[in-house]
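Here are the chains, one letter per residue:
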Amino acid sequence: MTGLLPLFDKELREQWRTKRLLVVLIVFAVFGIASPLLARYTPELIRALASDALASVIPPPTTADAVDQFLKNVGQTGVLAAILLAMGSVALDKERGIAALFLTKPASRAAYLLAKLIAIGLTLLIGTVAATLAGYGYTTWLFEALPIGGYLAMGLLLFLQLMVYATLTFLGSTLARSSLVAAAFGIAVLAVVAVVGALPGIGPYTPGGLSAAGRSLALGTPPEMLIGPLLVNVMLVVVVFVVAWLAFRRQEL
Amino acid sequence: MPPLAPDQPAVTAIACEGLTKRFGSVLALDHLDLRVPEGIVFGFLGPNGAGKTTALRLLTGLAHPTAGQAKIAGIPTVHGEPNRRGLIGYLDQDPRFPTWMTGRELLEVVGRLYGMRDAELRQRVDETLELVGLSDAARRRIGGYSGGMRQRLGLGQAVLNRPPVLLLDEPVSALDPEGRHDVLTTIRQLAGGSTVLFSTHILADAERICDRVAILDHGRLLTDAPVGELLERYAQPVYRIEPDARHLDQLPSLAEALRDVPGVTEVLDAFGELRVLTDDPAQAGPALLAALAARRIGLVAFERLRPNLEDVFLRLTGRDAERAA
């Protein structure tokens, strides 16, 4: 893995200097804060605006609503961020000749790809941790204290989910010569995963299926399935990365 | 370094054996056989589209040959192994860099890839910035650099680790005359320590700094020889005749008449002057002057030009015939 550390250092600096890390951090934190707020006050808002008959059927907000809001908001925003971060990472470098610049130095192609993917992963991890801590704090303040270990485990499962989408888009970016094609690849994968996720028996093993396990852990209840989906998604990240490397290894730049 | 002599076998730094590259129906490089001895400045000449960049990309391992192979210091280039061993420095013809970085940061990353650390890294980066004239702009973002500054930075990152082989693709094409002079001088200074293979279509540059040149056209190697030998072998002596303004309208008839002068092989009408090629300058010179005097042609200039690489190039590629036609 020749050249991994200098390339990783460069990628990490790029995440910071191009403000990607900062934007991800802020956006994730905002959604982390907003999710329990929305869960807490949306019913009250509707009740205040709706007729008495309608208001009487709106149930009072619960901690589970706050967790659901969090998974929905941070999950959707996170997937978008994962696709945006990964789509141009390799394709743009190839297009601009920057890949050729570094790969004519003592740097292996595996190191070049891994440095990029780790930097993207770290950015998503920092964003997810910020969202999780903010979400936990506001959920505790507005509802009740949930088990911190379970809530953090939910955050980690959410991060794994985002990494699957980031790695799949990264594969697209490695195969394509344009970041737009890579983005289309990521969105197509998102659609396919959504369809596959609806299939009985397979759904829990898809990235979206990790949300159900995360929800249970956050609420302090044992998840129906955890180890299987966890391993499948970790393997998916590894296998997709290896496929990207195999494709990139022989590419002309 | 003096030209290769039969009794002085030099170590080969760069070798191409039947190197071929095809893009669909286009044959970009056609069975290139080349040996570049260690320590010289080797010019890779040819018009745009001749196959120079393709050959350099094959040498860096960025592209893969359709047939044949290339070696740097005896190591096949196809999987980029010479790059991983730090054997080559490469400058692209249109060098691009991450625009958010500063020039210094870029060189630091490159230096770390070559295993440099701390004081050695700082010293080498400072020396390189000084060498390419970017010390003052070292802390500026590359996004704000001019084309010339990017090309200098490109040269800097290529020479940072003092590689045994330097592959430079049109290294002075974006530079102003002063910058060009500086960079060519730097390249000349690197000879000995490094083997420099540099491509250009500016023949005067090659003539100025190269020990040996290869001329490519349409993907084929036309010749490969020391500069002096090429000039001797291919460049015909040329007389330049510039009539005064009163006789400019007589140029076509004058050209026709001078073709019959003994020793003259060709007369080219070249925008207000005549270029007379000869295979016997001792005979042709006086005869030309006599012919001009007989026709009472007033002259601004009559001189024998030193043959240059351009003449060789035009002759080898057949473009002098095209130009004459």
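Residues numbered from 1 in each chain as written. Chains lettered and ligands numbered in written order. Predicted model: local features only at pLDDT ≥ 70, side-chain atom pairs only at ≥ 80, totals over all residues.

### Digging into the overall build of chain B
Here is step 1 of the chain: Summing up its helical and strand segments, chain B has 12 helices and 14 strands in all.
Here is step 2 of the chain: Overall, chain B is about 75 × 45 × 45 Å in size when its C-alpha atoms are taken along their principal axes.
Here is step 3 of the chain: Burial status across chain B gives 41% buried among its 325 residues.
Here is step 4 of the chain: Here the contacts in chain B between residues at least 6 apart in sequence split such that 67% fall between residues at least 24 apart. (Helix = DSSP H or I, 4+ residues; strand = E, 2+ residues; numbered from the N terminus. Buried ≥ 20, exposed ≤ 12 C-beta atoms within 10 Å, placed from the backbone. Contact = placed C-beta atoms within 7 Å.)

### What to know about the sheet that holds strand E1 (residues 12-23) of chain B
Residues and elements named next belong to chain B.
Here is step 1 of the chain: Pairing is antiparallel in the open sheet, where four strands are placed in the order E2-E1-E4-E5. A single partner strand is all that each edge strand has here, and the edge strands are strand E2 (26-37) and strand E5 (75-76).
Here is step 2 of the chain: Across the sheet, helix H1 (residues 52-60) is in contact with E1, E2 and strand E4 (67-72); its angle to E1 comes to roughly 115°. (Pairing = 2+ DSSP bridges. Axes fitted to C-alpha atoms, helices over the stretch in contact; angles between N-to-C directions.)

### Regarding the interface of chain B and chain A
Here is step 1 of the chain: Contacts between chain B and chain A engage 21 residues on the former and 20 residues on the latter.
Here is step 2 of the chain: Looking at the side of chain B that touches chain A, the elements with two or more residues in it are helix H2 (81-84), strand E6 (88-91) and helix H3 (103-113) of chain B.
Here is step 3 of the chain: Along the lines of polarity and charge, the residues of the side of chain B that touches chain A split into 11 nonpolar, five polar and five charged. (Nonpolar A, V, L, I, M, F, W, Y, C, P; charged D, E, K, R; others polar.)

### Concerning the pairing of strand E7 (residues 165-169) of chain B
Residue and element names in this part refer to chain B.
Here is step 1 of the chain: Of all five residues making up E7, five are buried, and the element is well covered by its neighbours.
Here is step 2 of the chain: Residues Val165, Leu167 and Asp169 of E7 are buried on one face, and the alternating residues Leu166 and Leu168, pointing to the opposite face, are buried as well.
Here is step 3 of the chain: Pairing of E6 with E7, which is carried by four bridges, proceeds in the parallel orientation. In the strand pairing of E7, Ile88 is matched with Val165.
Here is step 4 of the chain: Both E7 and strand E8 (residues 195-200) contribute to a ladder of five bridges, which runs parallel. Residue pairing across strands places Val165 opposite Thr195, the latter belonging to E8.

### Some words on the sheet that holds E8 of chain B
Residues and elements named next belong to chain B.
Here is step 1 of the chain: Spatially, E6-E7-E8-E3-E9-E10 is the arrangement adopted by the six strands of the open sheet, whose pairing is mixed. What marks the edges here is a single partner per strand, and that holds for E6 and strand E10 (220-226). Taken over all neighbouring pairs, the strand axes of this sheet differ in orientation by 15° on average, direction set aside.
Here is step 2 of the chain: Across the sheet, H1 lies against strand E3 (41-45), E6, E7, E8 and strand E9 (212-217), angled at about 145° from E7, the strand it touches most.
Here is step 3 of the chain: Of the strands in this sheet, E6 and E7 are in contact with helix H5 (residues 147-159), which crosses E6 at around 170°.

### Concerning the nonpolar core
Here is step 1 of the chain: Counting 138 residues, the largest nonpolar core has Ala82, Leu124, Leu162 and Ala166 of chain A together with Leu45, Leu167 and Val196 of chain B as the members making the most contacts within it.
Here is step 2 of the chain: The element best represented in this core is helix H8 (residues 148-175) of chain A, accounting for 14 residues.
Here is step 3 of the chain: Discounting chain neighbours no more than four positions away, the residues touching Ala82 of chain A are Leu124, Leu162, Tyr165, Ala166 and Thr169 of chain A.
Here is step 4 of the chain: Counting 13 residues, the second-largest nonpolar core is a separate cluster that includes Val261, Val267, Leu288 and Leu292 of chain B. (Core = buried A, V, L, I, M, F, W, Y, C linked by C-beta atoms within 7 Å.)

### Section: unusual backbone geometry
Here is step 1 of the chain: One non-glycine residue, Lys19 of chain A, adopts positive backbone phi at about 70°.
Here is step 2 of the chain: Although it is not a glycine, Arg296 of chain B sits at a positive phi angle of roughly 55°.

### Here's the deal with the packing of helix H8 (residues 227-234) of chain B against helix H11 (residues 309-317) of chain B
Residues and elements named next belong to chain B.
Here is step 1 of the chain: With their axes 9 Å apart at the nearest point, H8 and H11 run at an angle of 60° to one another. Regarding the angle of H8 to H11, the classification is oblique. Crossing of H8 against H11: the hand is left-handed. Contacts from Val227, Leu230, Leu231 and Tyr234 of H8 reach H11 at Leu309, Val312, Arg315 and Leu316.
Here is step 2 of the chain: In terms of residue class, the contact of H8 with H11 is made up of seven nonpolar, no polar and one charged. (Parallel < 35°, antiparallel > 145°, perpendicular 65-115°, else oblique. Left-handed = near helix turned anticlockwise from the far one by under 90°.)

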